[in-house]
Each structure stands twice: as C-alpha cells, then as structure tokens.
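Here is what each chain is made of, one letter per residue.
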Amino acid sequence: MTESVGSGRKVRWGILATGGIAASFAEDLRELKDDAEIVAVGSRRLDSARAFADRFGIPRAYGSWTELADDEGVDVVYVATPHSAHRVAAGLCLRAGRSVLCEKPFTVNAVEARELADLARTHGRFLMEAMWTYCNPVVRRLTELVADGAIGEVRSVHADFGLAGPFDPGHRLLDPALGGGALLDLGVYPVSFAHLLLGEPDEVQAWAHLTEDGVDDNTGMLLGYDSGAVAVLSCSLTADTARTAVVTGSAGRIEVPAGFFHPDRFVLRREGREPEEFGAPDGGLRGLQHEAAEVTRCLRAGERESPLVPLEGSLAVMRTLDTVRDRIGVRYPGEH
C-alpha cells in the first residue's frame with residue numbers, strides 16, 4: 001500500500017505545465033474545495049508558472065519541473081504536458097516520491113508506459129492515466145448494464161472522434177516531435193472505449209492518410225476478438241465526425257450521443273421494450289472533477305492504482321495504439 005492521505009485534510013495538488021488542459025483541470029479542481037487544493041504549479045518558464053498561479057490563486061510557482069517534483073508539500077502531481085513529454089515529466093515526479101495523474105494518452109508508446117508503471121510500483125507511488133471517460137458516472141452505469149447482460153453478449157462497438165480543423169502548420173497535432181496525429185490525441189478515446197467493453201483485441205487492422213510530415217490525419221481501425229466481436233473505430237483531424245458511440249449486443253444496443261467520451265446520457269434499446277434513457281445523477285460532479293475525485297479516494301485509501309483506470313488497462317490500450325501505428329506506418333523521432 002502507498003502512503004495514504006488522511007481523511008482529515010485536503011489532497012494537495014501540483015500542476016505540471018500551464019496549457020489549456022491544465023487550466024481546465026484547475027478550474028474543475030477548485031469545485032472540490034472540501035477535498036482538494038492546488039498548492040503549486042511548475043513550468044519550464046517561471047513567468048508562465050507565475051501567471052498561472054496568479055490566475056488560480058496558487059501559492060507556489062516554479063520555473064522548472066524538478067522544483068515542483070521536489071516539493072514535499074505536494075501529494076500528487078497532475079501532468080498536463082503534450083504526451084511526448086509524459087514519460088519524462090511523470091517519471092521525474094515518481095522518482096521524487098510524488099503520486100501522479102498523467103494526461104492521456106498515457107505516453108507515446110507501450111515501452112514508455114511500462115516504464116512509468118514500473119517506476120510507480122518501485123517507488124510505491126500512486127499512478128493513473130487521466131482517462132476521464134472511465135470515471136464518468138454515465139459510462140460507469142453503461143458498463144454495469146453491459147456486465148449485467150442488459151444487451152446480451154456484446155457483438156460490436158462503433159465509435160468515432162474527428163475534428164474538422166484546419167490546424168496551423170505548427171500546431172502540436174501536426175508535429176511528429178510532439179507525438180502528433182489524430183490517433184494518439186483523439187483516437188485514444190474510441191480505442192479506450194472499445195477496450196472498456198471488450199478488452200484487448202486479438203486482431204488489429206488499420207488504414208490512415210498521412211501528412212507530409214508523417215503523422216496520421218484520418219484513421220480507421222478494425223479490432224477483432226476471438227469471441228466474434230468487432231470494434232469499428234475512427235479518428236480524424238480533417239472531418240467533424242458525430243463523436244458518438246454504439247454498443248450492440250445479441251439482445252439490444254446502447255446508443256451514446258455526441259461527446260461519447262464524457263456523456264451526460266445514453267439510450268438503451270431492446271426488442272419489444274420502450275427505449276430507456278439513463279442520465280447523469282442530479283447535482284453530481286462534472287467534467288474533470290470525476291477523475292480528480294477518484295484520485296482523492298484512492299490516495300485516502302492508500303491505493304497505488306485506481307480500479308476504474310487500472311495500469312494494466314492503460315498499458316493494453318497503448319499496445320493497441322502501437323499496433324495501429326505499425327499498421328499505418330507512423331513513427332516518431334527517437335523510436336526504433
């Protein structure tokens with residue numbers, strides 16, 4: 001068991017990086033004021049860290065990641081860098097004795113993901129990928145219904161996530177050095193959704209259009225399972241897709257509307273019955289608060305990983321993403 005955070009005090013957060021997702025997390029975390037507080041922020045530039053600290057009322061600002069990692073007054077660090085820096089940033093924090101919530105995709109590849117998981121276990125620290133979808137109460141209800149046999153045996157999962165762009169030539173999504181492309185940034189959601197319901201696939205096929213710089217901007221995936229189930233998934237930087245998901249079983253189906261990766265409702269359809277709509281609990285948490293609340297629960301219980309977002313599940317997703325990249329021919333700088 002990792003050292004637990006006493007129930008009598010707030011979990012003390014540090015935020016590593018100061019971009020858009022870091023700001024969204026800080027906004028949402030402030031709503032958990034009875035359970036959490038942001039005590040420090042770190043950036044490669046001190047002026048950026050200070051501006052972020054002033055914006056969110058954070059007492060300590062550091063001009064390096066190392067200083068944040070070494071802050072003994074921090075219980076857990078939220079790593080909000082581009083995913084190409086996740087291994088270095090999260091590894092730095094774990095080695096310094098901090099627990100870590102790391103943005104998704106967990107890392108650039110499965111080798112890096114395994115390294116982080118091993119580091120967390122070696123140092124006895126909590127580590128979780130920030131896959132907010134898995135912590136969403138609507139998604140949790142959906143998986144409960146599927147597990148209880150509400151739609152019979154799952155036969156197929158369809159999910160897509162595409163944005164129309166256009167993106168500036170220098171945008172991180174198009175930069176191979178930053179792990180650019182549709183797959184890791186957007187495709188991680190439909191792949192993770194399929195993994196949640198069907199597990200790691202037995203076969204993976206994929207096709208993609210690549211940019212001149214060698215990153216994918218329109219990708220389709222077909223995952224096959226020995227059970228006979230399939231997952232049909234896509235992601236795009238060139239098309240505004242519906243961003244919906246459908247789970248079809250032998251006795252019915254579940255339809256998740258636009259924004260399937262953070263839904264507020266879904267519809268259960270079964271032959272001979274009226275459609276049933278399930279929604280989010282009234283007065284519940286929103287957005288990124290669900291994952292922050294799960295980290296808080298785990299730290300107070302002394303758990304090293306979350307049962308909602310287990311490390312082996314994150315590693316399995318990374319293996320699938322690696323296989324897709326192998327099929328479509330995407331390699332990042334420094335990879336063999």
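Quick note: structure is the one above.
Now for a description of the structure that goes with this document. (Residues numbered from 1 in each chain as written. Predicted model: local features only at pLDDT ≥ 70, side-chain atom pairs only at ≥ 80, totals over all residues. Heavy atoms only, no water.)

Some words on the packing of helix 5 (residues 110–123) against helix 10 (residues 311–328)
Then step 1. Relative orientation of the contacting elements helix 5 and helix 10 amounts to 165 degrees, with a least axis distance of 8 Å. Taken as axis vectors, helix 5 and helix 10 run roughly antiparallel relative to one another. Helix 10 is crossed by helix 5, and the crossing has left-handed handedness. The segment helix 5 lies against helix 10, with Ala110, Ala113, Arg114, Ala117 and Arg121 engaging Leu311, Glu312, Leu315, Met318, Arg319 and Asp322.
Then step 2. Broken down by class, the residue content of the contact of helix 5 with helix 10 amounts to 6 nonpolar, no polar and 5 charged. (Axes fitted to C-alpha atoms, helices over the stretch in contact; angles between N-to-C directions. Helix = DSSP H or I, 4+ residues; strand = E, 2+ residues; numbered from the N terminus. Parallel < 35°, antiparallel > 145°, perpendicular 65-115°, else oblique. Left-handed = near helix turned anticlockwise from the far one by under 90°. Contact = heavy atoms within 4.5 Å. Nonpolar A, V, L, I, M, F, W, Y, C, P; charged D, E, K, R; others polar.)

With respect to the sheet that holds strand 6 (residues 127–130)
Then step 1. Across the sheet, which stays open at both edges, the 6 strands sit in the order 3-2-1-4-5-6 with parallel pairing between neighbours. Strand pairing shows two members of the sheet lacking a second neighbour, strand 3 (60–62) and strand 6, which therefore form its edges. Each neighbouring strand pair of the sheet contributes to a mean axis angle of 25 degrees, computed without reference to strand direction.
Then step 2. Where strand 2 (residues 36–42) and strand 3 come together, 3 bridges link them in parallel fashion. Following the sheet pairing, alanine 40 is matched in strand 3 by arginine 60. (Pairing = 2+ DSSP bridges.)

Topic: the environment of cysteine 235
Then step 1. Looking at the secondary structure, you find cysteine 235 in strand 10 (residues 230–236).
Then step 2. Taking relative accessible area as the criterion, cysteine 235 reaches 1% and is therefore assigned buried.
Then step 3. Separated by 73 residues in the primary sequence, cysteine 235 and glycine 162 place their C-alpha atoms 5.0 Å from one another.
Then step 4. Setting aside anything within four residues of it in sequence, one finds cysteine 235 in contact with Phe161, Ala182, Leu183, Leu186, Gly187, Asp216, Asn218, Thr219 and Met221. (Buried < 20%, exposed > 50% of the residue type's maximum accessible area, 1.4 Å probe, protein only.)

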